[in-house]
Amino acid sequence: MYSERIKTLKPYLFASIDESKQAMIDKGVDIIDLGVGDPDKPTPKHIVDALCEAARDPATHRYPSYSGLLPFRQAAAKWCKDTKNIDVNPKTQVLSMIGSKEGVAHVPLAFINPGDVVLCPNPGYPVYSIGTKFAEGVPYDMPLREENGFLPDYEAIPKDVLKKAKLMFLNYPNNPTAAVADKKFFEETVEFAKENGIVVIHDNAYCEMVYDGYKSPSFLEIDGAMDLGIELYSMSKTYNMTGWRLGFAVGGADLIAGFGKVKSNIDSGVFDAVQRAGIAALSGSQDCVEDMNKIYTKRRDVLVKGLKSIGIDVNPPKATFYIWAKVPSGYDSMGFAKVLLEETGIVATPGNGFGDYGEGYIRFALTKEVDIIEKAVQRMDKLKF
Ligand SMILES: *Cc1c(COP(=O)(O)O)cnc(C)c1O
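A short tour of the structure in this document, coming up. (Residues numbered from 1 in each chain as written. Predicted model: local features only at pLDDT ≥ 70, side-chain atom pairs only at ≥ 80, totals over all residues. Heavy atoms only, no water.)

All told, the structure shown has 21 salt bridges when counted by the stated rule. The residue Lys41 makes a salt bridge to Glu369 at a minimum N-O spacing of 2.9 Å. In this pair, Lys41 is assigned in the loop between strand S1 (32-33) and helix H3 (45-55) and Glu369 in the loop between strand S12 (361-365) and helix H14 (370-380), connecting sequence segments 328 residues apart. The exposure class assigned to Lys41 is partly exposed, which follows from its relative accessible area of 23%. (Salt bridge = Lys/Arg side-chain N within 4 Å of Asp/Glu carboxyl O. Helix = DSSP H or I, 4+ residues; strand = E, 2+ residues; numbered from the N terminus. Buried < 20%, exposed > 50% of the residue type's maximum accessible area, 1.4 Å probe, protein only.)

Rendered as structure tokens:
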């Protein structure tokens, strides 16, 4: 009955983790879930209010425009200028998305012919390779190794692979490794992409989740990047809006036009009321973002200290709400995740769930209140490595 395409697909990573979590809950275990990267705090009030108001306006009840509500695209362009110092024309270089997962999944359809190679970071967000396969492209793993600061090594990609490569996904600040990239790396990326005729999709879902004064650069800031790149922005993590399904793509006009052509043939855009709420988020005070970052900083520090105290060495990340930790020697990712769950009731994500090169690591999401993270740390205290 099913297509080959979905027959070879494993269950979505978090769907299978949910199953083992549920089994523990059924046994009566008090679970602390640091698994999935979903902000625990509510969406800021001014954004919710904007939605309520917009939803009462019948003008929002009809089909939205394919490329997105123009005032939303204008707000996105202004936000890009203010926070990232990039200039984009809201009419031709900005596109609304139903969350960036949708964008990641569909963008290969615009640039890939069957058999073309797509360079995908490994470990990485699973949808990069899945979206590639759905477009009948061939994912090629770029290992993100700790000794390279979890950046891909372009030199290591074989020539015959490069010949077939048409598209590349990048994601900094990075999920799952929490690594960041500097402008120099992005400059090298533009050179590399230009030389090899590769379109770069930079998934920038975590650009505002930054700590200790760190500022995350935009890929599109780099000279030449606009001709070969699209950057995907998500409202989800920045404004605690994962459930709302809203993001936007910016980039070179030709690239955005290609992506828009795919989207207009698949979906009919984002509910206008949600886009109006998005305007409130992007144009309103950004204090809510800063407040969340302070909260994540505290949680991060408690968990990093706790992990160190049981013999797991981690550096506090500059960005994202993840801690990417090496598992203790003698364990693999799955084995350690199992011990954590069974001995302490803590859910964390095994690194190999993000690809083979994530083996040997585990990811914790800082998505619980600081006192719960403290409780997690106390529970882990009985595990010493
Ligand atoms: C969470 C996440 C997304 C998905 O964001 P949505 O806008 O909610 O679809 C995309 N990419 C990465 C790397 C993520 O971690």
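Let us look at the sheet that holds strand S8 (residues 247-251). Hydrogen bonding along the main chain pairs the strands of a sheet, whether they run parallel or antiparallel. Strand order across the open sheet formed by seven strands is S2-S8-S7-S6-S5-S3-S4, with mixed pairing between neighbours. Pairing within the sheet leaves two strands with one partner each, and these edge strands are strand S2 (94-97) and strand S4 (138-143). Pairwise comparison of adjacent strand axes, ignoring direction, gives a mean angle of 25 degrees for this sheet. Pairing geometry for strand S7 (residues 229-234) and S8, over five bridges, is antiparallel. When the bridges of S8 are listed, Tyr233 appears paired with Phe248. Contacting S2, strand S5 (165-170), strand S6 (199-203) and S7, helix H5 (residues 100-111) runs over the sheet at an angle of about 160 degrees to S7. Across the sheet, helix H8 (residues 183-196) is in contact with strand S3 (117-122), S5 and S6; its angle to S5 comes to roughly 165 degrees. (Pairing = 2+ DSSP bridges. Axes fitted to C-alpha atoms, helices over the stretch in contact; angles between N-to-C directions. Contact = heavy atoms within 4.5 Å.)

This paragraph deals with the nonpolar core. Ranked by internal contacts, the top residues of the largest apolar core, which has 68 residues, are Leu119, Met168, Tyr172, Tyr239, Phe248, Val250 and Leu282. In terms of residue count, helix H4 (residues 70-84) provides more of this core than any other element does, six residues in total. Leave out the neighbours within four places in its chain, and Leu282 touches Phe72, Ala75, Ala76, Trp79, Met235, Tyr239 and Phe248. Judged by nonpolar contacts, the second largest core, of 35 residues, contains Val304, Phe336, Phe364 and Met380. (Core = buried A, V, L, I, M, F, W, Y, C linked by side-chain atoms within 4.5 Å.)

Moving on: the site of the ligand. In the vicinity of the ligand, 13 residues are found, and the nearest of them are Asp203, Tyr206, Ser234, Ser236 and Lys237. Separating an oxygen atom of the ligand from a side-chain N or O atom of Ser234 is a distance of 2.6 Å. In the model, an oxygen atom of the ligand is placed 3.2 Å from a nitrogen or oxygen of the Lys237 side chain. Its free accessible area being 380 Å², the ligand has 94% of it covered by the protein chains. At the level of elements, H5 and helix H9 (235-238) are the ones that each hand at least two residues to the shell around the ligand. Taken together, the residues that form the shell around the ligand break down as three nonpolar, six polar and four charged. (Near = heavy atom within 4 Å. Polar contact = N/O pair within 3.5 Å; in protein donor to acceptor, adjacent residues only side chain to side chain. Areas by Shrake-Rupley, 256 points an atom, 1.4 Å probe, with all protein chains shown as cover. Nonpolar A, V, L, I, M, F, W, Y, C, P; charged D, E, K, R; others polar.)

A separate point is a nonpolar patch on the surface. On the surface, a nonpolar cluster with roughly 560 Å² of combined accessible area is contributed by Met1, Tyr2, Ile6, Leu9 and Phe134. Note that Met1 resides in the segment before helix H1 (4-7). (Patch = residues over 30% accessible without salt bridge, like charges linked within 9 Å, V, L, I, M, F, W, Y side chains within 5 Å.)

A negative phi holds for most residues other than glycine; trans holds for most peptide bonds. Cis geometry is adopted by the peptide bond preceding Pro173, which originates at Tyr172 and carries an omega value of 0 degrees. Take Pro173: it is sitting in the loop between S5 and H8. The peptide bond linking Asn175 to Pro176 adopts the cis configuration, its omega dihedral lying at 10 degrees. With respect to the secondary-structure elements, Pro176 resides in the loop between S5 and H8. For Asn240, which is not a glycine, the phi torsion comes out positive at approximately 50 degrees. Structurally, Asn240 is set in the loop between H9 and S8. In the Ramachandran plot, Arg245 falls in the positive-phi region, its phi being about 65 degrees despite a non-glycine side chain. Relative to the elements of secondary structure, Arg245 occurs in the loop between H9 and S8.

Bringing the side chain of Thr189 into the picture now. By the secondary structure assignment, Thr189 is in helix H8. Taking relative accessible area as the criterion, Thr189 reaches 0% and is therefore assigned buried. Thr189 has contacts with Tyr154, Met168, Leu170, Val200 and Phe219, leaving out every residue within four places of it along the chain.

Worth remembering: the numbers are spatial, not functional.
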